[in-house]
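Chain by chain, the residues run as shown.
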Amino acid sequence: ALNRISGGHDGLGRHGKSLECIREALSLAPLTPGLELMLRVNLCGAHYALWHVAEARAAARELVEQFEARAPEGRLERVAQAFALMYRGQCARRAIAAMPDTAKRNATEARADLERAGTLFSKLAREFGDDSYGGVANTCRGALLEVDCTLGRLDPVDAVATITEALGGVEDPQLAPPGDWLESYGWWCIFGCNIAVRYLQDPQFHRAMAIFTNKAVEIADRLDNWSLRERAFSLEQARRDRLQKSTGFDAEW
């Protein structure tokens, strides 16, 4: 019941309350191995949604190491392993901006985890005929574009062009079926914004940011996804701050 209530809070953007429910559920004993595993994966997600990067990374690392010591058995454990790798990789990706002195190291770790997670999710999608796993794999592929720019493996202008071209498949999010595939392109928009913030100069910066934040908001509204809304809003605020500093123009918003 707590796990379901946690999911409800998450859907409403109340990530703090979602985390409280998961913590309370994990304190109840005894738990079946499957339920405990599910809660531990959801704990990673709740911390990640709240930008508790260190906590999410530590919880994900514990799960990854568990499956390195003993290979996962059955669908539930395989899915848990893939999500743990994804969360650990995404935390390392977020640490690129937070800890610039170790950006290359975090990018290297992020690349290894995200690439492996994407492979595992793609395999799960094929084996179980569940396309939602394919959508999560696509999110991992988008994150790798941001990571590869940090590592110098990909030119930022080319990365932005790749993301812009990919968004042609969701030109009108209201006509696209809701689910993990549509959400994945919302995150591609956020990864594109991160690349633009770090590497692009005006006017390319403002053009890319306007495209990506607008599309992210459209997808977030279609899915009622508060994590996407937060990122799109914060990144658009950063774009407007940069515009004001460079031009002195303060547009109402």
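Our subject is the structure that appears above.
Residues numbered from 1 in each chain as written. Predicted model: local features only at pLDDT ≥ 70, side-chain atom pairs only at ≥ 80, totals over all residues. Heavy atoms only, no water.

## Description of the overall build of the protein
- Each helix and strand in the protein was counted, giving 11 helices and zero strands.
- Compactness check: the protein gives a C-alpha radius of gyration of 18 Å against a globular reference of 18 Å for 253 residues, within 12% of the reference.
- C-alpha extents for the protein along the principal axes are approximately 60 × 40 × 35 Å.
- Taking all 253 residues of the protein together, 45% fall into the buried category.
- Considering only residue pairs separated by 6 or more positions, the protein has 66% of its internal contacts joining residues 24 or more positions apart.
- In the structure as shown, the protein presents an accessible area of about 12800 Å², 53% of it carried by carbon and sulfur atoms.
- Taken together, the 31 basic and 35 acidic charged side chains of the protein have centroids lying 2 Å from each other. (Helix = DSSP H or I, 4+ residues; strand = E, 2+ residues; numbered from the N terminus. Rg over C-alpha atoms; globule rule 2.2 N^0.38 Å. Buried < 20%, exposed > 50% of the residue type's maximum accessible area, 1.4 Å probe, protein only. Contact = heavy atoms within 4.5 Å. Areas by Shrake-Rupley, 256 points an atom, 1.4 Å probe, with all protein chains shown as cover. Lys, Arg positive; Asp, Glu negative; His and termini not counted. Charge placed at Lys NZ, Arg CZ, Asp CG, Glu CD.)

## Considerations on the packing of aromatic side chains
- Under the defined criterion, the tally for this structure stands at six aromatic pairs.
- Seen from their ring centres, F83 and Y87 are 6.1 Å apart, and the 25° between their planes marks the pair as stacked. Separated by four residues within a single helix, F83 and Y87 lie in helix α5 (residues 74–98), roughly one turn from each other.
- Overall, Y87 belongs to the buried group, its relative accessible area being 14%. (Phe/Tyr/Trp six-rings, centres within 6.5 Å; stacked < 30°, edge-to-face > 60°.)

## So, the packing of α5 against helix α7 (residues 131–150)
- Two elements in contact, α5 and α7, have axes separated by 11 Å at closest approach and are oriented at 25°. Overall, the two elements α5 and α7 adopt an arrangement that is roughly parallel. As for the relative orientation of α5 and α7, their crossing is left-handed in sense. On the side of α5, the interface is formed by R75, V79, F83, M86, Q90, R93 and I96, while α7 contributes Y133, V136, T139, C140, A143, E146, V147 and T150.
- The class makeup of the residues in the contact of α5 with α7 is nine nonpolar, three polar and three charged. (Axes fitted to C-alpha atoms, helices over the stretch in contact; angles between N-to-C directions. Parallel < 35°, antiparallel > 145°, perpendicular 65-115°, else oblique. Left-handed = near helix turned anticlockwise from the far one by under 90°. Nonpolar A, V, L, I, M, F, W, Y, C, P; charged D, E, K, R; others polar.)

## Regarding the pattern of salt bridges
- Using the criterion set out here, one finds 18 salt bridges in the structure.
- In this structure, R93 and E146 form a salt bridge, with 3.1 Å as the shortest nitrogen-oxygen distance. With R93 in helix α5 and E146 in helix α7, the pair connects residues that are 53 residues apart, well separated along the chain. Side by side, R93 and E146 carry an identical accessibility label, which is buried. (Salt bridge = Lys/Arg side-chain N within 4 Å of Asp/Glu carboxyl O.)

## Description of the packing of helix α10 (residues 204–223) against helix α11 (residues 226–247)
- Two elements in contact, α10 and α11, have axes separated by 9 Å at closest approach and are oriented at 155°. Judged by the angle between their axes, α10 and α11 are roughly antiparallel. Considering the relative orientation of α10 and α11, their crossing is left-handed. Taken together, the residues of α11 that come into contact with α10 (itself represented by F205, H206, M209, A210, T213, A216, V217, I219, A220 and D221) are L228, R229, A232, L235, E236, R239, R242 and L243.
- The class makeup of the residues in the contact of α10 with α11 is 11 nonpolar, two polar and five charged.

## Some remarks on α10
- Here α10 is 20 residues long and its end C-alpha atoms lie 29 Å apart, about the 28 Å a rise of 1.5 Å per residue gives.
- Looking at α10, one finds that the buried residues are F205, H206, A208, M209, F212, T213, K215, A216, I219 and A220.
- For α10, the secondary structure elements touched by its buried residues are α8 (156–166), α9 (180–199) and α11.
- Backbone geometry just after α10 places D224 at a positive phi near 55°. (Expected span 1.5 Å × (residues − 1).)

## Digging into the environment of M209
- Relative to the helices and strands, M209 resides in helix α10.
- Considering only alpha carbons, one finds M209 and A110, 99 residues apart in sequence, at a separation of 24 Å.
- Those residues within four positions of M209 in sequence are excluded, and the remaining contacts are C193, A196, V197, L235 and R239.

## Looking at helix α1 (residues 2–11)
- Those residues of α1 lying buried are L2, N3, S6 and H9. Buried residues of α1, seen end-on, are gathered within an arc of 115° and therefore sit on one face of the element.
- Buried-residue contacts for α1 involve α2 (15–26) and α3 (33–49).
- Downstream of α1 by a residue or two, G13 has a phi angle that is positive, lying close to 80°. (Arc of directions from axis to C-beta.)

## Regarding a nonpolar patch on the surface
- A cluster of nonpolar side chains, L35, M38 and L76, forms an exposed patch at the surface whose accessible area comes to about 230 Å².
- With respect to the element layout, L76 can be found in helix α5.
- The exposure class assigned to L76 is partly exposed, which follows from its relative accessible area of 42%. (Patch = residues over 30% accessible without salt bridge, like charges linked within 9 Å, V, L, I, M, F, W, Y side chains within 5 Å.)

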